[in-house]
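These are the residues of each chain, in order.
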Amino acid sequence: MSDPGWNPLHGLPSYPAERYAALADRIGGILQSRNDILLVQAEAVVALEATAVSLASPGLSVLNIVTSPYGGWFGQWLRRGGATVRDIVAEPGLPIEIEVVATALDAAPRIDVLAVVHAESASGILNPLPEILALARSRGIVTVVDAVASVGGHPLDVEALGIDIAIIGPQKALGGPAGVSALSVSRRAWELILRDDAPRDSILSLADLKRWIDSGRQALPGTPAPLEFFALETALDRVEADGIETLIARHALAASATRAGLAALGAGAWVPPAKASNLVTAVPVPAGLEPAALISAAARLGVELTEGLGNAPNHLVRLNHTGPRATFQAVLANVVAYGVALRQAGHPADIAAASEAVSATYSR
Ligand SMILES: *Cc1c(COP(=O)(O)O)cnc(C)c1O
């Protein structure tokens, strides 16, 4: 007889401790990083806060590039820890201009750390990461990159780019779980973190997590949450089977098909391709139309479109093609639903041409 109280989520097997280090190595492979890889048992924003809390100290000088609320929060956490933070804020919904970064670096007497988000899912923009990192590296500045959205959607070679701290989450382009995240930490970054007054005995302490590395990666830093860790393994299995390059190419294709479809609809994308992320495409809503009305019209077709978030101008609608949505079906549905929504709002939209454009991009 079946037990009505039985649930497959009860009594899960423990995540095998001996697989923990292998998991970190696999993350290192995805990031092309030979630095220390730490796993954090929480969503990626916690890994970001842990990074800020662990770096911050009075006397630390940070140049913080803000292109979304994530960058804003990172600056706040650093300030709370006593650091001197200079925010440079991009135009709403746009990437930072490299000249602005160069000017800010030249103007500052001394900068220890530069922080930047790689790609933004809030507005669909891509910051000029290699150029920013080159400026920082030439000045000996320790770099922190929020690559939560970009990993799996854009090339991210931690070693070649010289990223000191990269923070990632599996739940965006990698299509994995949201309750675990990871960081790659360089020797130079550890020098800033492992101060005598570093925060300790805290869930936000990277110095605490370092004990796992120092113990030869034996004593686990806690009990791995089985569901999250098994799910992360499965996500990595799939990414490794296809190859990270394939996953990135799939996102690039989804982005270019979306752009082609929108252009054929007569609705240009918000930023040019070189400034756009492969994860979401933002489209400016025609004057006189409301994003909310277009989003509702698409929802009636079962297609989820969203408004631009944070400091993105509020007249943007986002078409999401991240992770499991980086497919022909999702891209076609997004573009057609947006076209239907425009038409229902009384705006002309050539849905047939848009479908042709998406199909043609996928058939090349
Ligand atoms: C999604 C995202 C985060 C944080 O993700 P959570 O895991 O949801 O906390 C951080 N930074 C960027 C750029 C993101 O897109």
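Throughout what follows, the structure given in this document is the object of discussion. What you see is a predicted model, and the numbers here were worked out from it, not measured in a lab.

1. Let's talk about the site of the ligand
Moving on, step 1. Lining the immediate surroundings of the ligand are 14 residues, of which Glu43, Ser121, Asp146, Gln171 and Lys172 lie closest.
Moving on, step 2. At 3.1 Å from an oxygen atom of the ligand is found a main-chain nitrogen or oxygen belonging to Val45.
Moving on, step 3. Interatomic distance of 2.6 Å between a side-chain N/O atom of Asp146 and a nitrogen atom of the ligand.
Moving on, step 4. Considering each element in turn, the shell around the ligand owes the most residues, three residues, to helix H2 (residues 44-55).
Moving on, step 5. Classifying every residue of the shell around the ligand gives eight nonpolar, two polar and four charged.

2. Brief notes about a nonpolar patch on the surface
Moving on, step 1. Residues Leu9, Leu12 and Leu227 make up a contiguous nonpolar surface patch of roughly 260 Å² in combined accessible area.
Moving on, step 2. Looking at where Leu227 falls in the secondary structure, it is placed in helix H9 (residues 226-242).
Moving on, step 3. The partly exposed category is assigned to Leu227, whose relative accessible area is 45%.

3. Remarks on the packing of helix H11 (residues 291-300) against helix H12 (residues 328-344)
Geometry of a packed helix pair, given as the angle between the helix axes and the separation of the axes.
Moving on, step 1. At a minimum axis separation of 8 Å, H11 and H12 run at an interaxial angle of 120 degrees. By the angle class used here, H11 and H12 are oblique. Note that H11 runs across H12; the crossing there is right-handed. Taken together, the residues of H12 that come into contact with H11 (itself represented by Leu294, Ala297, Ala298 and Arg300) are Ala337, Tyr338, Ala341, Leu342 and Gln344.

4. Describing the sheet that holds strand S5 (residues 142-146)
Moving on, step 1. Ordered in space as S1-S7-S6-S5-S4-S2-S3, the seven strands form an open sheet in which the pairing is mixed. Lying at the two open borders of the sheet, with one neighbouring strand each, are strand S1 (36-40) and strand S3 (84-89). Across the sheet, the mean angle from the axis of one strand to that of its neighbour is 15 degrees, orientation sign disregarded.
Moving on, step 2. Set on the sheet, helix H1 (residues 20-31) makes contact with S1, strand S6 (165-168) and strand S7 (181-185); between it and S1 the angle comes to about 115 degrees.

5. Topic: H12
Moving on, step 1. Here H12 is 17 residues long and its end C-alpha atoms lie 24 Å apart, about the 24 Å a rise of 1.5 Å per residue gives.
Moving on, step 2. Turning to H12, its buried residues number three or more, namely Ala330, Val331, Asn334, Val335, Ala337, Tyr338, Gly339, Val340, Ala341 and Leu342.
Moving on, step 3. Looking at the buried positions of H12, the neighbouring elements they touch are helix H10 (244-265), strand S8 (280-284), H11, strand S10 (316-320) and helix H13 (351-363).

Criteria and thresholds
Residues numbered from 1 in each chain as written. Predicted model: local features only at pLDDT ≥ 70, side-chain atom pairs only at ≥ 80, totals over all residues. Heavy atoms only, no water. Near = heavy atom within 4 Å. Polar contact = N/O pair within 3.5 Å; in protein donor to acceptor, adjacent residues only side chain to side chain. Helix = DSSP H or I, 4+ residues; strand = E, 2+ residues; numbered from the N terminus. Nonpolar A, V, L, I, M, F, W, Y, C, P; charged D, E, K, R; others polar. Patch = residues over 30% accessible without salt bridge, like charges linked within 9 Å, V, L, I, M, F, W, Y side chains within 5 Å. Areas by Shrake-Rupley, 256 points an atom, 1.4 Å probe, with all protein chains shown as cover. Salt bridge = Lys/Arg side-chain N within 4 Å of Asp/Glu carboxyl O. Buried < 20%, exposed > 50% of the residue type's maximum accessible area, 1.4 Å probe, protein only. Axes fitted to C-alpha atoms, helices over the stretch in contact; angles between N-to-C directions. Parallel < 35°, antiparallel > 145°, perpendicular 65-115°, else oblique. Left-handed = near helix turned anticlockwise from the far one by under 90°. Contact = heavy atoms within 4.5 Å. Pairing = 2+ DSSP bridges. Expected span 1.5 Å × (residues − 1).

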